[in-house]
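Here's the letter readout for the chains.
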Amino acid sequence: MKKLIHVSGMGCMNCVHHVKEALEGLDGIAGADVSLETNSATITLTKDVADTAIISAIEEAGYDVEGIEAA
């Protein structure tokens with residue numbers, strides 16, 4: 001299963017790295033492909049992960065989530 005997350009506040013590749021690390025640190029996320037160009041992240045899930053957990057991880061890294069949808 002995959003989800004597409006719209007992330008705001010990223011301005012450089014260092015930001016991309018922070019978001020990727022935050023997402024991949026969550027149990028149930030096998031990988032994250034974060035794009036500065038589209039201000040989004042596509043995550044691959046190994047099990048269901050609550051949207052609230054995803055949002056919290058990104059916000060704790062210093063960025064905002066504009067929305068989450070199935071990818």
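Residues numbered from 1 in each chain as written. Predicted model: local features only at pLDDT ≥ 70, side-chain atom pairs only at ≥ 80, totals over all residues. Heavy atoms only, no water.

Visitor: Hey, could you go over the pattern of salt bridges for me, with residue numbers and the actual values?
Guide: The full count for this structure, using the stated rule, is three salt bridges. Residues Lys3 and Asp51 are paired through a salt bridge, measuring 2.6 Å at the closest nitrogen-oxygen approach. A residue pair is termed long-range when its members are at least 10 positions apart, and Lys3 in strand S1 (residues 2-8) and Asp51 in helix H2 (residues 51-60) qualify at 48 residues. Its salt-bridge partner being Glu24, residue Lys20 comes within 2.9 Å of it at the nearest N-O pair. In this pair, Lys20 and Glu24 both sit in helix H1 (residues 13-24), four residues apart, roughly one turn of the helix. (Salt bridge = Lys/Arg side-chain N within 4 Å of Asp/Glu carboxyl O. Helix = DSSP H or I, 4+ residues; strand = E, 2+ residues; numbered from the N terminus.)

Visitor: Which residues make up H1, and what are the values?
Guide: Each α-helix turn comprises 3.6 residues. Residues three or four places apart therefore point the same way. Here H1 is twelve residues long and its end C-alpha atoms lie 16 Å apart, about the 16 Å a rise of 1.5 Å per residue gives. Turning to H1, its buried residues number three or more, namely Cys15, Val16, Val19, Ala22 and Leu23. Seen from one end, H1 has its buried residues packed into an arc of 130°, which puts them on one side. On its buried side, H1 packs onto S1, strand S2 (29-35), strand S3 (40-45) and H2. (Expected span 1.5 Å × (residues − 1). Buried < 20%, exposed > 50% of the residue type's maximum accessible area, 1.4 Å probe, protein only. Arc of directions from axis to C-beta. Contact = heavy atoms within 4.5 Å.)

Visitor: Before we move on, can you summarise the side chain of Ser40 with the specific residues and values?
Guide: Relative to the elements of secondary structure, Ser40 occurs in strand S3. Engagement of the side chain of Ser40 in a polar contact is seen with the side chain of Thr38, the distance being 2.6 Å. Among all residues touching Ser40, those that are not within four sequence positions of it are Leu4, Ile5, His6, Val7, Met10, Asp33, Val34 and Ser35. (Polar contact = N/O pair within 3.5 Å; in protein donor to acceptor, adjacent residues only side chain to side chain.)

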